[in-house]
Amino acid sequence: QTVPDPRLVCPPVRVEDDRTGLNIETLKRAFLDNLFYIQGKFPDIATQNDYYMALAYTVRDRLLKRWLKTAQTYTEQGSRTVCYLSAEFLLGPHLGKNLINLGIYDDVQQAMEELGLDLETLLEQEEEPGLGNGGLGRLAACYLDSMATLEIPSIGYGIRYEYGIFEQDIRDGWQIERSDKWLRSGYPWEVPRPEWSVPVKIGGHTEQYTDERGRFRVRWVPHHVVMGVPHDTPLLGYQVNTANTLRLWRAEAAESFDFDAFNSGDYVGAVHEKMVSENISKVLYPNDNISQGKELRLLQQIFFVSCSLQDMIRIMEGQKIPLEKFHEKFVVQMNDTHPAIAVAELMRLLIDDHCMTWDQAWGITTRTFAYTNHTLLPEALERWPIALFKKLLPRHLELIYEINQRFLDDVRIRYPEQPQMLSQMSIIDESGERYVRMAHLACVGSMAINGVAALHTELLKQGVLHDFYEMYPKKFNNKTNGVTPRRFMVLSNPRLSRAITERIGPNWVKHLDELKKLESYVDDPNFRQEFRQIKFDIKQELATYIQQNYGVAINPNSLFDIQAKRIHEYKRQHLNALYIVTLYNRIKANPNIEITPRTFLFGGKAAPGYYTAKLIIKLINAIGDVVNRDPDVRDRLKVLFLKDYSVKFAQRIYPAADLSEQISTAGKEASGTGNMKFAMNGALTIGTLDGANIEIREEVGEENFFLFGMTADEVYARKAQGYNPYDYYQSNSELKLAIDRIASGFFSHGDRKLFQPLLDTLMHRDDYMLFADYQAYIDCQDYVGQVFQDVDRWTRMTILNVARMGKFSSDRAIRDYCEDFWKISPVPIEIEEYSPEAI
Ligand code: 73E
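Residues numbered from 1 in each chain as written. Predicted model: local features only at pLDDT ≥ 70, side-chain atom pairs only at ≥ 80, totals over all residues. Heavy atoms only, no water.

## So, the pairing of strand β12 (residues 243-253)
Line of reasoning, step 1. Counting buried residues along β12, nine of its 11 residues qualify, which places the element largely inside the surrounding structure.
Line of reasoning, step 2. Bridge count between strand β4 (residues 154-159) and β12: five bridges; the pairing is parallel. Each bridged residue has a counterpart across the sheet, and for Ile 159 the counterpart in β12 is Trp 249.
Line of reasoning, step 3. Both strand β11 (residues 224-236) and β12 contribute to a ladder of 11 bridges, which runs antiparallel. In the strand pairing of β12, Pro 234 is matched with Thr 245.
Line of reasoning, step 4. Connecting β11 to the antiparallel partner β12 that follows it, the hairpin turn spans six residues, and Gln 239 within it adopts a positive phi of roughly 50°. (Buried < 20%, exposed > 50% of the residue type's maximum accessible area, 1.4 Å probe, protein only. Helix = DSSP H or I, 4+ residues; strand = E, 2+ residues; numbered from the N terminus. Pairing = 2+ DSSP bridges.)

What follows is the structure in structure tokens.
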């Protein structure tokens with residue numbers, strides 16, 4: 001008997017389907033349909049948020065066919081897949097990006113206009129999922145965008161925090177934190193997949209036993225079990241059909257676990273336990289570049305890692321691929337050490353749950369993982385107290401001991417005469433209280449280890465990971481970070497993008513190296529004029545925004561000097577503040593002094609427990625309060641701290657910048673990625689020889705980059721000599737004046753105590769060497785001011801910056817990962833276009 005053709009059973013739709021059609025008429029119909037059937041509103045009473053949601057669902061519908069087809073293709077082909085494990089994904093708003101990637105931005109704008117709506121206003125409605133702190137989380141998001149665009153099979157795995165990075169408000173100049181209720185108005189971009197929930201064991205003890213085949217085995221009897229429920233978001237590539245998956249896990253109490261308590265009558269106790277389980281995915285830890293060693297954080301790590309590895313095993317079973325081929329099916333990239341427990345968890349799954357021998361499991365594990373290091377800061381290196389580990393993860397601790405013992409045997413053979421190598425390299429730190437060193441676990445368990453910029457990788461090899469580099473030189477490699485030009489150029493700076501496309505065609509969006517072709521327009525008066533006009537108009541828009549939201553008038557012709565990033569002493573926002581005070585002092589001493597008018601803008605969050613960082617925010621605001629209303633200053637200086645910096649806000653900031661502040665102490669900023677986003681949008685950089693600044697300068701040319709300050713080697717040498725910041729204070733009159741002005745209470749209503757902790761640290765410790773770099777920074781900034789007056793020269797420099805930023809596309813970075821050790825190639829996704837004749 002023949003199966004009836006489904007198209008005969010279900011009559012074909014003769015008009016283009018409202019759920020897939022990309023023309024203006026279908027977009028309008030679909031939008032109104034969603035407004036009615038999903039939001040449950042007639043247009044006349046709908047809010048802007050209803051309209052946003054209706055449009056978001058309209059766009060989501062258009063992703064689904066591509067998404068399902070992508071998954072189906074990967075399944076059928078059993079494609080080798082990258083699993084990107086990250087505790088953070090700082091995605092930014094989806095709607096605009098999806099419109100760009102689907103290629104329907106302009107048509108949707110018109111469709112909305114025809115319905116009397118403004119697309120910009122709707123885009124503003126979207127609350128971004130702030131599931132990350134800063135660069136590390138944003139890098140993960142850029143990499144997912146590039147993997148989809150390059151048609152690389154990939155899954156991003158992470159945690160669906162109910163509360164993302166806190167919302168920042170400024171009250172009386174101080175940061176205050178508010179919880180980020182990002183899910184409050186609904187999140188249309190995800191699909192929960194409860195049917196693929198997985199259990200995660202926590203606590204308890206282990207037992208040894210002999211199985212029915214006489215094998216020695218270990219059974220882990222947990223204290224309790226938490227369920228991970230996957231929530232999937234499709235991530236569409238740029239002008240391709242590939243839509244990869246971001247799978248974020250939400251913690252839920254396990255039924256079986258609370259069942260007993262419910263039955264025994266302890267209802268409230270059972271609900272309490274349920275709450276405890278669900279706490280695991282409640283909140284993102286708001287620390288950037290600091291590890292706090294909190295129990296809940298370790299629970300978050302094992303939670304998402306275990307869920308993700310079990311999910312990979314389920315996928316293999318679904319595709320009938322034997323588990324022995326795990327490392328052929330998957331490469332698992334660990335975004336810093338936050339997921340490094342994966343090394344032990346995969347061993348546990350393979351040995352305890354899937355009966356593999358140690359050697360077999362270890363062979364697979366060490367061919368599967370790769371580890372990206374993002375920081376050299378000692379306070380960010382993760383170590384977990386053994387006691388905590390034993391309490392939460394008793395089985396993992398046993399496995400880590402075994403891994404370590406076998407590893408130290410290798411070390412002993414390699415260095416028979418150097419017993420100190422054992423304690424230096426051990427995964428267990430036994431120098432005092434005992435800890436598990438996560439970076440060591442990651443190095444031992446990975447086939448590849450990379451830093452995120454050339455200098456950073458070199459410093460890793462010489463410094464924190466030196467012993468591992470000596471032992472496994474071939475594992476080490478550099479992958480300089482990159483950022484996605486789709487979000488940070490096409491979406492955030494449409495006018496610049498259009499001007500570029502008019503000159504060199506549209507291919508640069510996928511092949512950023514093609515920006516090179518702009519070099520031939522550097523002397524074209526037309527292009528130069530347009531380039532300047534675009535920058536000016538965007539600055540004017542930002543000025544209007546600032547006037548409306550902060551009540552401060554800023555001059556769009558002034559030099560927009562912007563430092564936007566997390567607040568951290570090593571990033572030296574307070575060095576920037578010292579320059580502002582220096583300029584102010586010069587004006588006070590000589591009110592008619594000629595200086596280039598500047599607007600200093602700051603944005604960024606401080607970790608809530610990081611007192612000094614919060615004091616730096618207060619200092620910037622305090623300086624601004626005085627400077628902005630001092631009539632002597634006239635409109636030459638303005639200082640503003642823009643609150644609640646986010647991806648969404650960053651997209652407005654980068655295009656408006658003339659000068660990008662990248663002034664970290666050399667050797668401290670692993671890469672930086674904001675530096676790339678500013679330069680791509682035609683800002684010039686003032687920066688140290690740190691992180692990716694070095695490579696940016698190499699690319700754009702030293703004459704187009706404002707360099708100052710000590711090199712990393714000079715920083716180490718100066719420290720070794722015995723650095724005394726007080727000497728600089730005493731011998732540099734402008735520096736002394738700036739510090740004294742702050743200390744006098746001039747910016748704090750006469751309060752001399754307020755900034756004393758900050759000034760004391762600077763004068764007597766100055767770990768980040770602001771004083772040693774002060775004069776070089778001041779001189780360089782003064783020079784920037786002069787160059788800015790020379791409009792032709794400045795324009796030339798900015799055009800060359802944009803033209804030479806091709807290297808810093810995240811597409812280049814992903815291609816490098818693929819070729820170097822992921823060993824994955826593109827899998828194109830074919831979609832049958834709807835054609836009425838075929839029916
Ligand atoms: O230099 C940046 C780098 O560009 C680095 O500080 C940042 O990662 C970016 C992307 O590679 C970073 N974040 C963290 N470590 N490095 C971190 C550490 C602990 C918690 C959260 C973030």
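## Re the side chain of Thr 245
Line of reasoning, step 1. Following the sequence through the fold, Thr 245 ends up in strand β12.
Line of reasoning, step 2. Only 2.8 Å separates the side chain of Thr 245 from the side chain of Trp 67, close enough to count as a polar contact.
Line of reasoning, step 3. Dropping the residues within four chain positions of it, Thr 245 is found in contact with Trp 67, Ser 154, Ile 155, Gly 156, Asp 232 and Thr 233. (Polar contact = N/O pair within 3.5 Å; in protein donor to acceptor, adjacent residues only side chain to side chain. Contact = heavy atoms within 4.5 Å.)

## Points about the packing of aromatic side chains
Line of reasoning, step 1. Taken as a whole and judged by the stated rule, the model has 28 aromatic pairs.
Line of reasoning, step 2. Ring geometry for Phe 31 versus Tyr 51: centroids 6.1 Å apart, planes at 25°, classification stacked. Here Phe 31, found in helix α2 (residues 24-37), pairs with Tyr 51, found in helix α3 (residues 48-77); they are 20 residues apart in sequence, far enough to count as distant. Neither residue differs from the other here; Phe 31 and Tyr 51 are each classed as buried.
Line of reasoning, step 3. Between Phe 708 and Tyr 777 the ring centres are 4.9 Å apart and the planes differ by 45°, which places this aromatic pair in the tilted class. Linking Phe 708 in the loop between β25 (706-707) and α28 (712-721) with Tyr 777 in helix α32 (residues 770-789), this pair joins segments that are 69 residues apart in sequence. Like Phe 708, the residue Tyr 777 is buried in the burial classification. (Phe/Tyr/Trp six-rings, centres within 6.5 Å; stacked < 30°, edge-to-face > 60°.)

## Looking at the nonpolar core
Line of reasoning, step 1. Ranked by internal contacts, the top residues of the largest apolar core, which has 204 residues, are Phe 326, Phe 389 and Trp 822.
Line of reasoning, step 2. Here this core takes 12 residues from helix α10 (residues 295-318), the largest share from any one element.
Line of reasoning, step 3. Core analysis: the second largest hydrophobic core is formed by 72 residues, Leu 377, Ala 380, Leu 559 and Phe 747 among them. (Core = buried A, V, L, I, M, F, W, Y, C linked by side-chain atoms within 4.5 Å.)

## Looking at the sheet that holds strand β15 (residues 383-385)
Line of reasoning, step 1. The sheet built from three strands is open, its strands ordered β15-β17-β16 with antiparallel pairing. The sheet is open, and its two edges are formed by β15 and β16 (428-429), each paired on a single side.
Line of reasoning, step 2. Inspection of the sheet shows β15 paired to strand β17 (residues 435-437) by three bridges, in the antiparallel sense. Each residue of the ladder has a partner; that of Trp 384, found in β17, is Val 436.
Line of reasoning, step 3. Packed on one face of the sheet, helix α17 (residues 438-445) meets β15 and β17 and runs near 45° to β17. (Axes fitted to C-alpha atoms, helices over the stretch in contact; angles between N-to-C directions.)

## Section: the site of the ligand
Line of reasoning, step 1. The ligand sits among 17 residues. The nearest are Asn 289, His 374, Asn 481, Glu 669 and Gly 672.
Line of reasoning, step 2. Between the ligand and the protein, one listed contact pairs an oxygen atom with a side-chain N or O atom of Asn 289 at 2.8 Å.
Line of reasoning, step 3. In this structure, an oxygen atom belonging to the ligand sits 3.0 Å away from a main-chain N or O atom of Ser 671.
Line of reasoning, step 4. Starting from 490 Å² of accessible surface for the ligand in isolation, the protein chains cover 97%.
Line of reasoning, step 5. Partitioned by chemical class, the residues of the shell around the ligand number five nonpolar, nine polar and three charged.
Line of reasoning, step 6. Taken together, domain 2 (79-91 + 132-161 + 234-248 + 287-484 + 809-839) and domain 3 (557-806) each give at least three residues to the shell around the ligand, which thus spans both. (Near = heavy atom within 4 Å. Areas by Shrake-Rupley, 256 points an atom, 1.4 Å probe, with all protein chains shown as cover. Nonpolar A, V, L, I, M, F, W, Y, C, P; charged D, E, K, R; others polar. Domains from an automatic or database assignment.)

## Here's the deal with helix α33 (residues 791-803)
Line of reasoning, step 1. When the terminal C-alpha atoms of α33 are compared, their 18 Å separation across 13 residues agrees well with the 18 Å that a helix rising 1.5 Å per residue should span.
Line of reasoning, step 2. Within the sequence span of α33, burial applies to Trp 794, Thr 795, Met 797, Thr 798, Ile 799, Leu 800, Asn 801, Val 802 and Ala 803. (Expected span 1.5 Å × (residues − 1).)

## A closer look at the environment of Leu 122
Line of reasoning, step 1. Here Leu 122 shows up in helix α6 (residues 119-125).
Line of reasoning, step 2. For Leu 122, a relative accessible area of 0% translates into the label buried.
Line of reasoning, step 3. Along the primary structure Leu 122 and Asp 50 are separated by 72 residues, whereas in three dimensions their C-alpha atoms are 9.3 Å apart.
Line of reasoning, step 4. Setting aside anything within four residues of it in sequence, one finds Leu 122 in contact with Gln 48, Tyr 51, Tyr 52, Leu 55 and Met 112.

## Observations regarding the pattern of salt bridges
Line of reasoning, step 1. All told, the structure shown has 60 salt bridges when counted by the stated rule.
Line of reasoning, step 2. Its salt-bridge partner being Arg 247, residue Asp 232 comes within 2.7 Å of it at the nearest N-O pair. In this pair, Asp 232 is assigned in strand β11 and Arg 247 in strand β12, connecting sequence segments 15 residues apart. The same class applies to Asp 232 as to Arg 247, namely buried.
Line of reasoning, step 3. Within the structure, one salt-bridge network assembled from shared partners comprises Arg 193, Asp 232, Arg 247, Asp 311 and Arg 314. (Salt bridge = Lys/Arg side-chain N within 4 Å of Asp/Glu carboxyl O.)

## Examining the environment of Ile 686
Line of reasoning, step 1. By the secondary structure assignment, Ile 686 is in strand β24 (residues 684-687).
Line of reasoning, step 2. Exposure remark for Ile 686: the relative accessible area of 0% places this residue in the buried category.
Line of reasoning, step 3. For the pair Ile 686 and Cys 780, spaced 94 residues apart in the sequence, the C-alpha separation amounts to 7.8 Å.
Line of reasoning, step 4. Here Ile 686 is in contact with Leu 659, Ser 660, Glu 661, Gln 662, Ile 663, Phe 706, Phe 708, Tyr 777, Cys 780, Gln 781 and Val 784, once residues within four sequence places are set aside.

## Concerning the side chain of Arg 598
Line of reasoning, step 1. As for its position among the elements, Arg 598 is in strand β21 (residues 598-603).
Line of reasoning, step 2. Taking the relative accessible area as the measure of exposure, Arg 598 reaches 2% and is therefore buried.
Line of reasoning, step 3. Ignoring anything within four residues of it in the chain, the contact list for Arg 598 reads Ser 558, Leu 559, Asp 561, Tyr 579, Arg 636, Leu 637, Lys 638, Leu 659, Gln 781, Val 784 and Gly 785.

## Describing helix α23 (residues 573-589)
Line of reasoning, step 1. Helix length check: α23, at 17 residues, gives a terminal C-alpha distance of 25 Å against a target of 24 Å (1.5 Å per residue), a fit within 8%.
Line of reasoning, step 2. Of all the 17 residues making up α23, 15 are buried; the element is thus mostly covered by neighbouring parts of the structure.

## What to know about the sheet that holds strand β20 (residues 559-564)
Line of reasoning, step 1. With respect to topology, six strands assemble into an open sheet ordered β22-β21-β20-β23-β24-β25, the strand pairing being parallel. The sheet terminates laterally at β22 (637-642) and β25, the two strands that pair on one side only.
Line of reasoning, step 2. Examined bridge by bridge, β20 and β21 share six bridges and lie parallel to one another. Looking at the pairing, Gln 563 lines up with Phe 602 of β21.
Line of reasoning, step 3. The sheet strands contacting α23 are β20, β21, β22 and β23 (659-662), and the helix crosses β21 at an angle near 155°.

## A short note on the domain arrangement of the protein
Quoted interface sizes are often the accessible area lost when the parts come together.
Line of reasoning, step 1. Looking at the protein, the domain boundaries give domain 1 (14-77 + 93-127), domain 2 (79-91 + 132-161 + 234-248 + 287-484 + 809-839) and domain 3 (557-806).
Line of reasoning, step 2. For domain 1 versus domain 3, the distance between C-alpha centres works out to 42 Å.
Line of reasoning, step 3. Each partner contributes residues to the interface: domain 1 has five residues there, and domain 3 has four residues.
Line of reasoning, step 4. Counting each side, the surface lost to burial between domain 1 and domain 3 is near 280 Å², with a carbon and sulfur contribution of 51%.
Line of reasoning, step 5. Three residues stand out in domain 1 for area buried against domain 3, namely Pro 93, Glu 124 and Glu 126, and they jointly supply 97% of the buried area on that side.
Line of reasoning, step 6. For the pair domain 1 and domain 3, the interface holds zero salt bridges.
Line of reasoning, step 7. For the interface between domain 1 and domain 3, the tally reads two residue pairs in polar contact (both at pLDDT 80 or more). (Buried area = accessible area lost by both parts, 1.4 Å probe.)

## What about the packing of helix α30 (residues 733-743) against helix α31 (residues 756-764)?
Line of reasoning, step 1. Orientation of α30 relative to α31, taken along the N-to-C sense of each, is 155°, at an axis distance of 10 Å. As judged from the angle between their axes, α30 and α31 are roughly antiparallel. Here α30 runs over α31; the crossing is left-handed. Each of Ile 739, Ile 742 and Ala 743 in α30 lies in contact with α31, whose residues at this interface are Gln 756, Leu 759, Leu 762 and Met 763.
Line of reasoning, step 2. Of the residues contributing to the contact of α30 with α31, the split by class is six nonpolar, one polar and no charged. (Parallel < 35°, antiparallel > 145°, perpendicular 65-115°, else oblique. Left-handed = near helix turned anticlockwise from the far one by under 90°.)

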